[in-house]
Amino acid sequence: MNTTKNTLYRLASKLRLPLAALTLLLTVNCSTDNTGVIDTTNTDFNKLYNETVALPGHQNTVDFGYGIHEYYFTFSETKTIASIGYQSQPAAADVPYSIKIINNTTNKLLYYKSHVFASDTTSYIPIDPPVVVKKGESYTIRRTLVLANVGNVNSNLTGRVVTQSGGPIEFPKTSGLMTITGSKFYLNGGTFVNTGIPYIDIAYY
């Protein structure tokens, strides 16, 4: 950054650029340093999920034919969520999933929109507006699919989930800045607590 500034100052002195023009050049150049760059190739969630799958007795499955999949998380630094990654089931390839992000600490709904995701791979949808998550506060990310929208077939509600044979997942689980503290799945009024981690990826800057 300092090298860039020095180069611009030297250029300005040679060309006798007005001070206002120089200031504009510096402002444009500096703003690129603050642009959020979103990496979806190996997020903290993706690493956490794969590390959990690799534990003894754990497996990556496509299961849980329940309308609502959610997990609870914290960040160790304040960050901005800008993209959500999910993979739909083939029967729901053209059906919107609703995505909610809730601040559990303040009981405030931060994001609630519906998105269509690819069925052959995890696809990432930019969210607008991006959601700021504060260091140390608790959040929920929730994926909801309505049974009537997928032919009233429970298996069409399934999603990618890591489970543990013979028991619930042990929480918390941490990778990078992200800690997952628990999960829930809902079906027809029934609640299943900590029985898996649904693959709902979070990409942030």
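Going by the structure above, here's the rest.
Residues numbered from 1 in each chain as written. Predicted model: local features only at pLDDT ≥ 70, side-chain atom pairs only at ≥ 80, totals over all residues. Heavy atoms only, no water.

Colleague: Where do I start with unusual backbone geometry in this structure?
Modeller: Leave glycine aside and you will find that most residues have negative phi; peptide bonds, for their part, are mostly trans. Residue Pro129 is reached from Asp128 by a cis peptide bond, and omega for that bond is 5°. Relative to the helices and strands, Pro129 is located in strand β6 (residues 123-133). The peptide bond linking Phe171 to Pro172 adopts the cis configuration, its omega dihedral lying at 5°. Summarising the element assignment, Pro172 is placed in the loop between β8 (159-164) and β9 (173-175). For Phe64, which is not glycine, the phi dihedral falls at a positive 60°. Within the fold, Phe64 resides in the loop between β1 (58-63) and β2 (68-75). Classification of Phe64 as buried rests on a relative accessible area of 8%. A positive phi angle is found at Asn152, which is not glycine, with a value near 55°. Note that Asn152 resides in the loop between β7 (139-144) and β8. Among the residues examined, Asn152 registers a relative accessible area of 54% and is labelled exposed. (Helix = DSSP H or I, 4+ residues; strand = E, 2+ residues; numbered from the N terminus. Buried < 20%, exposed > 50% of the residue type's maximum accessible area, 1.4 Å probe, protein only.)

Colleague: Explain the packing of aromatic side chains here, please?
Modeller: By convention here, two paired aromatic rings are described through the distance between centres and the angle between planes. Inspection of the entire model under this criterion finds 15 aromatic pairs. For the ring pair Tyr49 and Tyr199, a centre distance of 4.8 Å and an interplane angle of 80° mean the geometry is edge-to-face. Of this pair, Tyr49 sits in helix α3 (residues 44-53) while Tyr199 sits in the loop between β12 (197-198) and β13 (201-204); the two residues are 150 residues apart in sequence, bridging distant segments of the chain. Here the two residues Tyr49 and Tyr199 agree in accessibility, since each one is buried. With a centroid separation of 6.1 Å and 70° between ring planes, the pair formed by Tyr97 and Phe117 is classed as edge-to-face. Highlighted residues: Tyr97 in strand β4 (residues 97-103) and Phe117 in the loop between β5 (108-115) and β6, separated in sequence by 20 residues. Here Tyr97 and Phe117 have matching classes, each one buried. (Phe/Tyr/Trp six-rings, centres within 6.5 Å; stacked < 30°, edge-to-face > 60°.)

Colleague: Honestly, the nonpolar core in this entry has me stumped. Any pointers?
Modeller: In summary, soluble globular proteins display a tendency toward joint burial of nonpolar side chains. In this structure, Phe73, Ile81, Ile84 and Ile202 are the most contacted members of the largest nonpolar core, which totals 36 residues. Those elements that provide at least two residues to this core are α3, β2, β3 (79-86), β4, β6, β7, β10 (178-187) and β13. Among the elements that line this core, the one with the most residues is β6, at four residues. If near-sequence neighbours (up to four positions away) are discounted, Phe73 is found in contact with Ile81, Val133, Glu137, Ser138, Tyr139, Thr140, Ile141, Met178, Thr179, Ile180, Thr181 and Ile202. (Core = buried A, V, L, I, M, F, W, Y, C linked by side-chain atoms within 4.5 Å. Contact = heavy atoms within 4.5 Å.)

Colleague: I tried to follow the environment of Pro126 on my own but got confused; where do I start?
Modeller: Looking at where Pro126 falls in the secondary structure, it is placed in strand β6. Sequence separation between Pro126 and Ile84 is 42 residues; the distance between their C-alpha atoms is 6.6 Å.

Colleague: Please explain the pattern of salt bridges as it appears in this structure.
Modeller: A side chain with one charge may pair with a side chain of the opposite charge, provided their charged atoms come close. Evaluated as defined, the whole model comprises three salt bridges. In this structure, Glu77 and Lys79 form a salt bridge, with 3.7 Å as the shortest nitrogen-oxygen distance. Since its relative accessible area comes to 19%, Lys79 is described here as buried. (Salt bridge = Lys/Arg side-chain N within 4 Å of Asp/Glu carboxyl O.)

Colleague: For this particular structure, what's the right way to read the sheet that holds β13?
Modeller: Within a sheet, each strand pairs with its neighbour through backbone hydrogen bonds, oriented either parallel or antiparallel. Sheet architecture is open: three strands sit in the order β6-β3-β13, paired in antiparallel fashion. Only two strands of the sheet have a single neighbouring strand rather than two, namely β6 and β13. When strand polarity is set aside, the average angle formed by the axes of neighbouring strands in this sheet is 30°. In this sheet, β6 lies alongside β3 in antiparallel orientation, the contact comprising seven bridges. By the bridge assignment for β6, Lys79 is matched with Val133. (Pairing = 2+ DSSP bridges. Axes fitted to C-alpha atoms, helices over the stretch in contact; angles between N-to-C directions.)

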